[in-house]
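Working through the structure, step by step
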Amino acid sequence: MYTADFLIQKRKDKWNELHSIEHDKELRAAIGQELLKNPDLLNEVRKYPEKLIELVFIVVDKDKKTMPFFLNEVQHDFMNTLNQAIEDFNEGRITEISILVLKGRQQGFTTLITAYQLSCSILNRNFEGYTLADKSDNAEAIFQNKAKFPYGQLPDVLKPTEKFNNRKQLLFEKINSSWAVDTATKEVGRSRTVNFFHGSECAFWKDGISPIQGALGEALTKNCIKIYESTANGYNDYQKMWDSGVHINCFYEWWNTKEYRIDFHSEQIKADFLHEINTKKGWIWDRLRWLRDEKCLEAEQLYWYWNKYDKYLNKDLIKQEYPCTPQEAFLLSGKNVFDTAIILDRLAKLPAPIKTGYFAYDYDGLKISNIRWVNDKSGYINIYQMPN
């Protein structure tokens, strides 16, 4: 009996060998048939819907080429975080699943999360997924490019009877399952019962996040998976959520994306570039030395970052589009009076608190007693040094 991991590897091997989307289509059709007759395989992908993505989904890459949807390193890491959160929720270790994804450009999160919701809607009865985008044209792009087109390329045996409509919704009536995308406004989602919510580029929602959370209200079920992903947009609702400590924060540095590197045309060019890093002054050279010494990046990754920086007319864009720390992402994407480079340098040198929590006590109506410290990562007191 085939396992999902075995079939995924076979699909990868065949793609690496042939690079033929037509042959891959035949293989996907065979995998679809196997899913129908192999209950263990079907149960495996129901538990881990991301495996269905790697088994039968396709994607259009950055070069506009159609290819199998194999998760990259960052996407795999995110799925591990999500699966751990689901396990922790089911075991009672956390009370809700709410994940914040702070990202740089083009790391594939909207594509992944949309495909994941489609997998859930195909595999499960009574599933309702819901995505909110920052603008109507982005909502349309998500529907057409990241949902409708990939769904249309699935093996026919895996497609429930579906119905598209002008509300940007994919509805499977026989299994009472659906996914929809809309634009973030104050009145969205009031008549829904959502068990998977995705906020796309939520730091750029026109009305902010708080009013829309209020509008959704009871639409989100108690076990709803909530994912808010965005590039930073200064100090706003999203930054407050990030600092609140009540969500699972995921920050993915640009160098976690494997393709963000450039090979040198010659050893001489490489030697000259490394010499410049050691000798030149200025922000970019300080940054390159920090990336080399503190983050242990390879020369090809440093060269990629320098080339990105060199092509920007506004050099500060590199800090917004490809941030190296969450603090840099939030600070550099807003409008600041003070020198952000100095602020970031100071933040980097500040010690972390040794304890976070609050004080609890007993009270009998007359006096307070048994004052004690309680460790709590969401607490409102930070201790940086124990009392002497």
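Shown above is the structure to which this text applies.
To keep things clear, this report deals only with the structure shown in the data block. (Residues numbered from 1 in each chain as written. Predicted model: local features only at pLDDT ≥ 70, side-chain atom pairs only at ≥ 80, totals over all residues. Heavy atoms only, no water.)

**Quick notes on the pattern of salt bridges**
Taken as a whole and assessed by the stated rule, the structure comprises 24 salt bridges. The partner of Glu44 in a salt bridge is Lys51, and the shortest N-O contact between them spans 2.9 Å. As far as the burial class goes, Glu44 and Lys51 line up, both buried. Glu87 is the salt-bridge partner of Arg93, the closest N and O atoms lying 3.4 Å from each other. Put simply, Arg261, Lys270, Glu298 and Glu300 are held in one network by salt bridges that share partners. (Salt bridge = Lys/Arg side-chain N within 4 Å of Asp/Glu carboxyl O. Buried < 20%, exposed > 50% of the residue type's maximum accessible area, 1.4 Å probe, protein only.)

**Quick notes on a nonpolar patch on the surface**
On the surface, Phe359, Tyr361, Tyr363, Ile368 and Ile371 cluster together into a nonpolar patch covering about 590 Å² of accessible area. Taken together, the elements giving at least two residues each to the nonpolar patch come down to strand S11 (355-363) and strand S12 (368-375). By residue number, the principal contributor to the nonpolar patch is S11, which donates 3 residues. (Patch = residues over 30% accessible without salt bridge, like charges linked within 9 Å, V, L, I, M, F, W, Y side chains within 5 Å. Areas by Shrake-Rupley, 256 points an atom, 1.4 Å probe, with all protein chains shown as cover. Helix = DSSP H or I, 4+ residues; strand = E, 2+ residues; numbered from the N terminus.)

**Considering the nonpolar core**
Core analysis: the largest hydrophobic core is formed by 51 residues, its most contacted members being Phe57 and Phe78. If sequence neighbours within four positions are ignored, Phe78 has contacts with Ile99, Val101, Phe109, Leu112, Ile113, Ile227 and Tyr252. If you look at the next biggest cluster of nonpolar residues, it comprises 24 residues, including Leu100, Leu102, Ala203 and Tyr228. (Core = buried A, V, L, I, M, F, W, Y, C linked by side-chain atoms within 4.5 Å. Contact = heavy atoms within 4.5 Å.)

**Some points on the side chain of Thr231**
Of note, Thr231 is situated in the loop between strand S9 (220-230) and helix H9 (237-244). There is a polar contact of 3.0 Å between the side chain of Thr231 and the side chain of Glu201. Residues in contact with Thr231, not counting those within four places in the same chain, are Leu102, Lys103, Gly104, Glu201, Ala203 and Phe204. (Polar contact = N/O pair within 3.5 Å; in protein donor to acceptor, adjacent residues only side chain to side chain.)

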